[in-house]
Amino acid sequence: MLTTIDQHPRSRAVPVKGVLAVAFAWFAGMAAMALVIKPDAVVVFGPPDRVIPAIVTADGALLDAGRFHLAARTGAATVGSLYAAGAWLVWPLIGRGCGRG
């Protein structure tokens, strides 16, 4: 008698919906945290040509910049004003580096 072993390829599949839900919760949680704690340094995701002038006019300081992100001391700028300037996401800068000098 011949027996076969059933393999369940879906049993090891990555739960895509779960991964997306966790990623969404992380991004939304970090953005909400920036609104609640009013950080003095932030990471801003968005077009630098629109966000940098908002930081400069609020007496902020640019700490690091990339293609679609930048780190800055906010000065008098609020997270809401950065969103109004065109930021996609604003996260508080957490760590011992330039954010807690």
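Notes on the structure follow. Sequence order as written defines the numbering, with residues in each chain counted from 1. In keeping with the predicted nature of the model, local features appear solely for residues at pLDDT of at least 70, side-chain atom pairs appear and are counted solely at 80 or more, and the whole-chain, interface and lining totals rest on all residues. Where side-chain values are given, they derive from all heavy atoms of the structure, hydrogens and water being excluded.

Okay, the overall build of the protein next. Put simply, DSSP marks the helices as runs of H or I at least four residues long and the strands as runs of E at least two long, and each gets a number from the N terminus on. Of the regular secondary structure elements, the protein holds three helices and four strands. In sequence order, the secondary structure elements of the protein are arranged as α-β-α-β-β-α-β. Buried residues in the protein amount to 29% of all 101 residues. All accessible areas in this document rest on Shrake-Rupley with a 1.4 Å probe, and a residue is counted as covered only by the protein chains that are shown. Of the roughly 7,300 Å² of accessible surface on the protein, a fraction of 65% belongs to carbon and sulfur atoms. Exposure is judged per residue with a 1.4 Å probe applied to protein chains only, and the accessible area is read against the type maximum: over 50% gives exposed, under 20% gives buried, and values in between give partly exposed.

Take the sheet that holds strand S4 (residues 89-92) next. Two strands qualify as a pair provided DSSP detects at least 2 bridges between them. The antiparallel open sheet is built from four strands, whose spatial order is S2-S3-S1-S4. With one partner strand each, in any of the chains shown, strand S2 (61-65) and S4 form the two edges of the open sheet. For this sheet the average axis-to-axis angle between neighbouring strands, irrespective of direction, equals 25 degrees. The pairing of strand S1 (residues 41-45) with S4 spans four bridges and is antiparallel. Residue pairing across strands places Phe45 opposite Leu89, the latter belonging to S4. In this fold helix H2 (residues 48-57) packs onto S1, S2 and strand S3 (69-73), with an angle of close to 0 degrees to the strand it touches most, S3. Note on definitions: angles span 0 to 180 degrees between N-to-C directions of axes, and those axes are lines fitted to C-alpha atoms, for helices only across the stretch in contact. Contacts between residues were defined by any pair of non-hydrogen atoms, one from each residue, lying within 4.5 Å.

Now for the packing of aromatic side chains. The rule is short: rings of Phe, Tyr and Trp, with Trp giving its six-membered ring, pair when the centres are within 6.5 Å, and they are stacked under 30 degrees, edge-to-face over 60, tilted in between. What the rule picks out here adds up to three aromatic pairs. Relative to Trp91, the ring of Phe45 lies with its centre 5.1 Å away and its plane at 70 degrees, an arrangement referred to as edge-to-face. With Phe45 in strand S1 and Trp91 in strand S4, the pair connects residues that are 46 residues apart, well separated along the chain. Relative accessible area serves as the criterion here: at 26%, Phe45 is assigned to the partly exposed category. Residue classification places Trp91 among the buried residues on the basis of a relative accessible area of 14%. By way of ring pairs, the aromatic residues Phe27, Phe45 and Trp91 are connected into one cluster.

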